[in-house]
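Fold and contact review
Here are the chains, one letter per residue:
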Amino acid sequence: MQATATQTLTDVLNKQIANCGVLYIKLHNYHWFVKGENFYELHAKFEEFYDEITGYLDELAERLLAINGKPLATMRDFLQRATITEATGNETPQQMVQNIANDFGTIISELKQGIQNSENENDQATADILIGMRSSLEKHRWMLTSFLAK
């Protein structure tokens, strides 16, 4: 039996679609404007992250469409719905890394609830997507936190 986009699943997926949209732009900002002794390392890492986030954005939206839901698809909607904030444009490299670690922490916490909601709705396919995201973001958050401990 195919899952149907209940309001709960729509909310879970759209919140993370919004977060991915905001994070995608934030990571580009950081990628373009990072400076200093860790430029090469952070420039490459931010690009790696926004490439990964692009995949999540697409996968989440396509999952919502597959279960007859409607994904958010405008920057206005993303900014209104996201639980993370956009870049200010004035961050130091240290602040950039801390902000991304914090954003990943926020998303991880929300994914835990989203996984539970998906399982409660008997939608293992959505839960699997969220579990994969959670696992990857937990690893990235650990690495960013370790980087900050230098």
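Structure report, in brief. (Residues numbered from 1 in each chain as written. Predicted model: local features only at pLDDT ≥ 70, side-chain atom pairs only at ≥ 80, totals over all residues. Heavy atoms only, no water.)

Quick notes on the overall build of the chain
- Summing up its helical and strand segments, the chain has five helices and zero strands in all.
- Each helix (α) and strand (β) of the chain, taken in turn from the N terminus, gives the series α-α-α-α-α.
- Compactness check: the chain gives a C-alpha radius of gyration of 16 Å against a globular reference of 15 Å for 150 residues, within 12% of the reference.
- Overall size of the chain, expressed as C-alpha extent along the three principal axes, is 55 × 30 × 20 Å.
- With 150 residues in all, the chain has 45% of them scored as buried.
- The contacts in the chain between residues at least 6 apart in sequence include a share of 80% that link residues at least 24 apart.
- If you sum the accessible surface of the chain, you get close to 8,100 Å²; carbon and sulfur atoms cover 50% of it. (Helix = DSSP H or I, 4+ residues; strand = E, 2+ residues; numbered from the N terminus. Rg over C-alpha atoms; globule rule 2.2 N^0.38 Å. Buried < 20%, exposed > 50% of the residue type's maximum accessible area, 1.4 Å probe, protein only. Contact = heavy atoms within 4.5 Å. Areas by Shrake-Rupley, 256 points an atom, 1.4 Å probe, with all protein chains shown as cover.)

A short note on unusual backbone geometry
- A positive phi angle, close to 65°, is found at N68, a residue other than glycine.
- For N68, the location among the structural elements is in the loop between α2 (39–66) and α3 (75–81).
- Of note in this structure, N122 is not a glycine but carries a positive phi near 60°.
- Note that N122 resides in the loop between α4 (93–120) and α5 (124–148).
- Classification of N122 as exposed rests on a relative accessible area of 71%.

What about the nonpolar core?
- Counting 44 residues, the largest nonpolar core has L23, L27, F46, L60, I100 and L130 as its most contacted members.
- Every element with two or more residues in this core is listed here: α1 (7–33), α2, α4 and α5.
- Examining the composition of this core, we find that 10 residues originate from one element, α1, more than from any other.
- Ignoring sequence-local partners within four residues, the contact set of L130 consists of V12, L13, L60, L111, G114, I115 and S118. (Core = buried A, V, L, I, M, F, W, Y, C linked by side-chain atoms within 4.5 Å.)

Describing a nonpolar patch on the surface
- Taken together, the side chains of I25, M75 and L79 present a nonpolar region at the surface, about 260 Å² in accessible area.
- Tracing the chain through its elements places I25 in helix α1.
- The exposure class assigned to I25 is partly exposed, which follows from its relative accessible area of 43%. (Patch = residues over 30% accessible without salt bridge, like charges linked within 9 Å, V, L, I, M, F, W, Y side chains within 5 Å. Salt bridge = Lys/Arg side-chain N within 4 Å of Asp/Glu carboxyl O.)

Brief notes about the environment of L148
- With respect to the helices and strands, the residue L148 is situated in helix α5.
- With sequence-adjacent residues up to four places away left out, L148 is seen in contact with Q94, V97 and Q98.

Re the side chain of N19
- Mapping N19 onto the fold places it in helix α1.
- Judged by relative accessible area, which is 0%, N19 ranks as buried.
- A distance of 2.8 Å separates the side chain of N19 from the backbone nitrogen of T83, its partner in a polar contact.
- Excluding residues within four positions of it along the chain, N19 makes contact with A82, T83, I84, I107 and E110. (Polar contact = N/O pair within 3.5 Å; in protein donor to acceptor, adjacent residues only side chain to side chain.)

Some points on the packing of aromatic side chains
- Going through the model one piece at a time under the given rule, you end up with four aromatic pairs.
- For the pair F49 and F104, a centre-to-centre distance of 5.3 Å together with 80° between the ring planes defines the contact as edge-to-face. Placement of F49 in helix α2 and of F104 in helix α4 is noted, with a sequence separation of 55 residues between them.
- On the basis of relative accessibility, which here comes to 1%, the residue F104 falls in the buried class. (Phe/Tyr/Trp six-rings, centres within 6.5 Å; stacked < 30°, edge-to-face > 60°.)

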